[in-house]
Amino acid sequence: MTLSYHGRAKVFLEEIGAEDFSVVLVKTRNNVFKGVLLPRPLTEDDKHIVLKLNNGYNIGVRIDKVEEIKLLGQKARKVISPSEIIKAEEYADVSIIGTGGTIASRVDYVTGAVYPQFSASELLSRYPEVEKIGKIKTVPLLNIFSEDMRPTYWREIAESVARELNSGVKGVVITHGTDTMHFTSAALSFMLRNLTGPVVLTGAQRSPDRGSTDAYLNFLSAVKVAAQSDLGEVVIVMHQTPSDTYCAIHRGTKVRKMHTSRRDAFLSVNSHILGIVNLKEMIMFSSYSRKAGEGEVEVNTKLEEKVALIYAYPGVDPDVIDFYVDKGYRGLVVAGTGLGHTPEYIMKSLKRALENDVTIVVTSQCLFGRVNMKVYRRGRELLKIGVIPGEDMLPEVAYVKLMFALGNYTEKSEVTGFMRRNIAGELTSSLSLRLFPPTNQIYQGV
Amino acid sequence: MPLDYAKLGLKVGLEWHQRLKTHKLFCNCPSKLKREEGKVKLERKLYLSESELGEIDPAAEFEKIRNRTFIYHVFRDVNCEVEADESPPLDLNKEALEIALTISLMLNMQPVDEIHVMRKIVIDGSNTSGFQRTALVALGTNKSIVQTTSGSVKLETLTLEEESAFIVKTTPSLAEYKLDRLGMPLIEVATASDIKTPEQAREVAEKIGMIFRSTRKVQRGLGTIRQDINVSIKGGARQEIKGVQKLELIPLILKNEVKRQLTLIKIKNELKKRMVREKDIKNNVYDVTEVFRETHSRVLKKQVEKGGVILAAMLPGFKGLLKQEIQTNKTFGYELATYAKVFGDVKGIFHTDELPGYGVTEEELKKIKKILPCKEKDAVVIVAGKREKAEKALKAVIKRVKMALNGVPSESRRPLEDGTTEFMRPLPGPSRMYPETDIPPIQINEGLIKKAKRKLPPQPEEIIGQLVKKHNLTYETAKELFIEDKDKVFEEIVEETKVDPKLVASTLLNTLKSLKRNGVDVKKIGKKELIDIFKAIREGMAAKEAIPNIIAFLAQHSDLTLNKALEKLDLVPISMEEAREIIDSIIKDNIHVLKRKREKAVKIVMGEAMKKLRGKMDGKEVYELVREAVESKLIGD
């Protein structure tokens, strides 16, 4: 029994006792409409009511034009059953951990509202082909859009992955919103050791309510990688091109969402993609860590959350740095300009931060290429005051890695050593010419 | 005998689809078609689960069977991420909305207070997103009426929607589309099923079309306006004939459709009489390839050589019905063949109502009938091709044959050039729509409506009436000028040159068209060139007879000025005196012949004179001079 209207429209509708999905007859000077009263989002005005007409169209009717409104009845609203909690199957090949996002949504075709959907039966009915790949079980863990992701959720996901792999499944798929998927993949890459199976993140750039959704190929490809590959790494599996032909398999620490909306938004940066996959085949191109043959997955969720990611740009205010220092932050990652530079006028604040025992890592906002702080004077000055060069790490990856380093080590030398050591494929010793521009990877083969 | 449509319960509703002359509806790409194929191609699939479609929609089921791949041609200059379904839509094109409001008001329809853009699920791949964006802009009231000579027709809805992608190629496993057309703004106006005769349908279609044109904001040319026709008769079933482009075909299509439905009902009754029941029609498909090992039928032989098979199915009690003509020159057998083609991607079928023939012998038929086995009253359908395709084709035929027991199935049909129609797919259920959540509702406030009302163009009849009155044109000429969107140019030329309006009209309507037909690139001759030519005529620099020559010459030599062209064409008019001299010398040179053929003299001289005088003097004047000269020179003898 709800009425989702506000303000004048609410008063207007309450007078006749209407609710969302009431069937109403509305008379205006020129027309008579019969339709179902649809909910109206609070972001819209309070001057209109929304009707779904018999021909399927929705229209808004201005309430001050209504001469008469009559309540005819109530439309039985389709009940969308809450995701059933899945009992662990006796045996499963792949565990699907749900965290929310576009891929795990379904639409109510009446209202257009998006509901979470995640039960195994729902996934099976949507993607019946999954049965041909392997037996799945589902673990509904979170239901958030990925812009709402937090470090503490990374811990929950890491623990859940370890639990699933240690329970004997061949691999794990994590369905995730795409906005911050690459942060999560980096975090899991550092937090999980001795992986006994692939950990695959996937999502959707086009919602599953539309026929053109990319969720289908992404999800099935991800399950295939989880069930059938011998990867011992955290990877992201998403469309390789705008076509529904292959998904790319990206290393979890070398990947970034590089486009707001395209299917192939995710690109490997300073790294080749590991391989490509679709329903028919999986082709691996690059070397990767094989899954551990024995032992249990180890999980280490210690993270220092007082770490910030800041951007260097003309006009950046050094007070920003001072603020973090004064707030007791322990680490800063600077996405520097070019080879890894910052303006001269913030040097003082950086120095003060370092003197206050804040670890500073400098990466490049160019994203592609390696920082090199020995070429220009500013770079050398930065090195001299004690910042750590982030090599070819993405700023986001350096941020997560620094959280992990500071969560686990206290000695400055240990932190520095950890940051400069390749832990999960995040540092590349040699950058091939074909890594840039990134389209080389897609259209010329790897 | 003419059909009594009232008695037959003919019901027709029309839907117009008219492209608007503005950029695309949800992005800023130009609404421009490309001739060539796209260099970049995308390969996509459409995924819809049953739960999404609710009750299974027959058309959806059909597509699922077809599990197709879609190829999209992308064009750099007319496509962006939006058409490729790689980005959410931008704001709705305001100009398109204004045009839609203008047309709503001209049709006396009531705009809604708030527009909600919807997603209409489309599963044939013609939209990259899997849905078409569409919005209801105005509704009919009791004033939204089109008057025709045989009664009034009510208008129901006006929607603004995206144009679909242009189909290049389609097979059961693949469809290829060009994205240049996708997203162009389109308005759809639908009538109630008030139309009662084929002629009335045409009349309504023409009237509405003229109103669209009077806005001067609609695209012109083939394909820019299409009609969908919804039609049914008593005891028949509703058909949707999609995308009729030529107005004059509408009555013919409707007449054919009535005939088709009547004949299908007749076939149903005949089957009842023959006591054929659904369970008698078996789904069994027989492999009869062996029978045709040594066949003389080239069609069958070729398929077998290519590794195909020949399959046959028995249609109990159908003998003679397959050769029944259900549309002009199209038999019931042809109808079955279209099912085979659409579902099985085969070239066609053979059936016993047309055999022996096509190289298939009596002997071969006998063998088949023995294998199936079938009796005298039964018919047999034969399909050749790859096993999988042939099987699908034959199963589709059997399915269609079963439908014949109930008369007329509801279908979407494609209109053909000769006024007949062809099966496209089963009629989809009511379209499934849900809100386009990427676009917030759009309020139509009074200001917007007032603005549209202020700029409301005159009604077509007003424009035509004005032309008739002001320029003394016939109604037909004026209407044609308006329909072809040449009335504005016409008025400007007349205004500027003060030449006889009839000459200007006939140049615009007839001369240019016939020159174009003869391969002249008349696009090169614009308003400016025409004004120059008419001025030259007014100044006596050329005779009006020379207009086609001048236009053709200028179109070919666009680097030349008009004066140079006139010089080159030797079209400078000559005086009466000079003309008389020329004619006199012709008579002198031919005097013997002329005397022998006195009764044909005028004609002979005229022929010779025109060779020399064409374009320099009005033909009628030449004739007068010739007649005078012949009379005085020959008769005077």
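Because the structure is predicted, anything quoted here is derived from the model rather than measured. (Residues numbered from 1 in each chain as written. Chains lettered and ligands numbered in written order. Predicted model: local features only at pLDDT ≥ 70, side-chain atom pairs only at ≥ 80, totals over all residues. Heavy atoms only, no water.)

1. Topic: the pattern of salt bridges
Move 1: In this structure the tally under the stated criterion is 82 salt bridges over all chains.
Move 2: The partner of Lys242(B) in a salt bridge is Glu240(B), with the nearest N and O atoms 3.3 Å apart.
Move 3: Residue class for Lys242(B) comes out partly exposed when judged on its relative accessible area of 26%.
Move 4: The exposure class of Glu240(B) is buried, given its relative accessible area of 12%.
Move 5: Across the pair Lys330(B) and Asp418(B) runs a salt bridge whose closest N-O atoms are separated by 3.4 Å. Here Lys330(B) is found in strand S18 (residues 330-331), whereas its partner Asp418(B) is found in the loop between strand S21 (411-415) and strand S22 (421-426), with 88 residues between them in sequence.
Move 6: Each of the salt bridges in this network shares a partner with another, and the network as a whole consists of Arg206(A), Arg210(A), Arg263(A), Arg44(B), Asp85(B), Glu86(B), Arg119(B), Arg133(B), Glu162(B), Glu436(B) and Asp438(B). (Salt bridge = Lys/Arg side-chain N within 4 Å of Asp/Glu carboxyl O. Buried < 20%, exposed > 50% of the residue type's maximum accessible area, 1.4 Å probe, protein only. Helix = DSSP H or I, 4+ residues; strand = E, 2+ residues; numbered from the N terminus.)

2. Some points on the interface of chain B and chain A
Move 1: Facing 51 residues of chain B, the contacting portion of chain A comprises 42 residues.
Move 2: One can count 8 salt bridges joining chain B with chain A.
Move 3: Between the two partners, chain B and chain A, sit 22 residue pairs in polar contact (both at pLDDT 80 or more).
Move 4: Residue assignment for the side of chain B that touches chain A shows that the elements contributing at least two residues are strand S2 (40-44), helix H2 (50-53), strand S6 (117-121), strand S7 (131-139), strand S9 (151-162) and strand S23 (433-435) of chain B.
Move 5: For the side of chain B that touches chain A, the element with the highest residue contribution is S7(B), accounting for 6 residues.
Move 6: As defined by bridge partners, strand S4 (residues 58-62) of chain A adjoins strand S5 (residues 114-115) of chain B across 2 bridges and the pair is classed as antiparallel. Bridged to Gly60(A) within S5(B) is Glu114(B). (Contact = heavy atoms within 4.5 Å. Polar contact = N/O pair within 3.5 Å; in protein donor to acceptor, adjacent residues only side chain to side chain. Pairing = 2+ DSSP bridges.)

3. Observations concerning the pairing of strand S14 (residues 247-251) of chain A
All names here are of chain A.
Move 1: Of all 5 residues in S14, 5 are buried; the element is thus mostly enclosed.
Move 2: In this structure, strand S13 (residues 234-239) lies alongside S14, joined through 5 bridges in antiparallel fashion. Opposite Val237, over in S14, you have Ile249 as the bridge partner.
Move 3: Pairing geometry for S14 and strand S17 (residues 275-277), over 3 bridges, is antiparallel. Bridge assignment links Ile249 to a residue of S17, and that residue is Gly275.

4. Quick word on the domain arrangement of chain A
Move 1: When cut into domains, chain A gives domain 1 (7-73), domain 2 (82-299) and domain 3 (307-419).
Move 2: In this structure, domain 1 of chain A and domain 3 of chain A have C-alpha centres spaced 57 Å apart. (Domains from an automatic or database assignment.)

5. Remarks on helix H10 (residues 387-403) of chain B
Residues and elements named next belong to chain B.
Move 1: With 17 residues, H10 ought to run about 24 Å at 1.5 Å a step, and its terminal C-alpha atoms sit 24 Å apart, in line with that.
Move 2: Buried residues of H10: Ala390, Ala393, Leu394, Ala396, Val397, Ile398, Arg400, Val401 and Lys402, and no others.
Move 3: Tucked into the core, H10 has its buried residues touching helix H6 (249-273), strand S16 (309-315), helix H8 (332-344), strand S20 (379-385) and S21. (Expected span 1.5 Å × (residues − 1).)

6. Brief notes about the nonpolar core
Move 1: Ranked by internal contacts, the top residues of the largest apolar core, which has 117 residues, are Ile49(A), Trp16(B), Leu158(B), Leu160(B), Ile229(B) and Phe318(B).
Move 2: Counting 58 residues, the second largest nonpolar core, distinct from the first, contains Met149(A), Met191(A), Val255(A) and Phe266(A). (Core = buried A, V, L, I, M, F, W, Y, C linked by side-chain atoms within 4.5 Å.)

7. Considering the side chain of Glu304(A)
Residues and elements named next belong to chain A.
Move 1: Take Glu304: it is sitting in the loop between strand S19 (298-299) and strand S20 (307-311).
Move 2: Taking the relative accessible area as the measure of exposure, Glu304 reaches 17% and is therefore buried.
Move 3: In terms of polar contacts, Glu304 uses its side chain to reach the backbone amide nitrogen of Lys306, at 2.8 Å.
Move 4: If sequence neighbours within four positions are ignored, Glu304 has contacts with Arg330, Met403, Leu406 and Gly407.

8. Here we look at the sheet that holds strand S19 (residues 350-351) of chain B
All names here are of chain B.
Move 1: The 4 strands are arranged S15-S16-S20-S19 in an open sheet whose pairing can be described as antiparallel. Pairing within the sheet leaves two strands with one partner each, and these edge strands are strand S15 (286-287) and S19.
Move 2: In this sheet, S20 lies alongside S16 in antiparallel orientation, the contact comprising 7 bridges. Pairing of Val309 across the sheet is with Gly385, part of S20.

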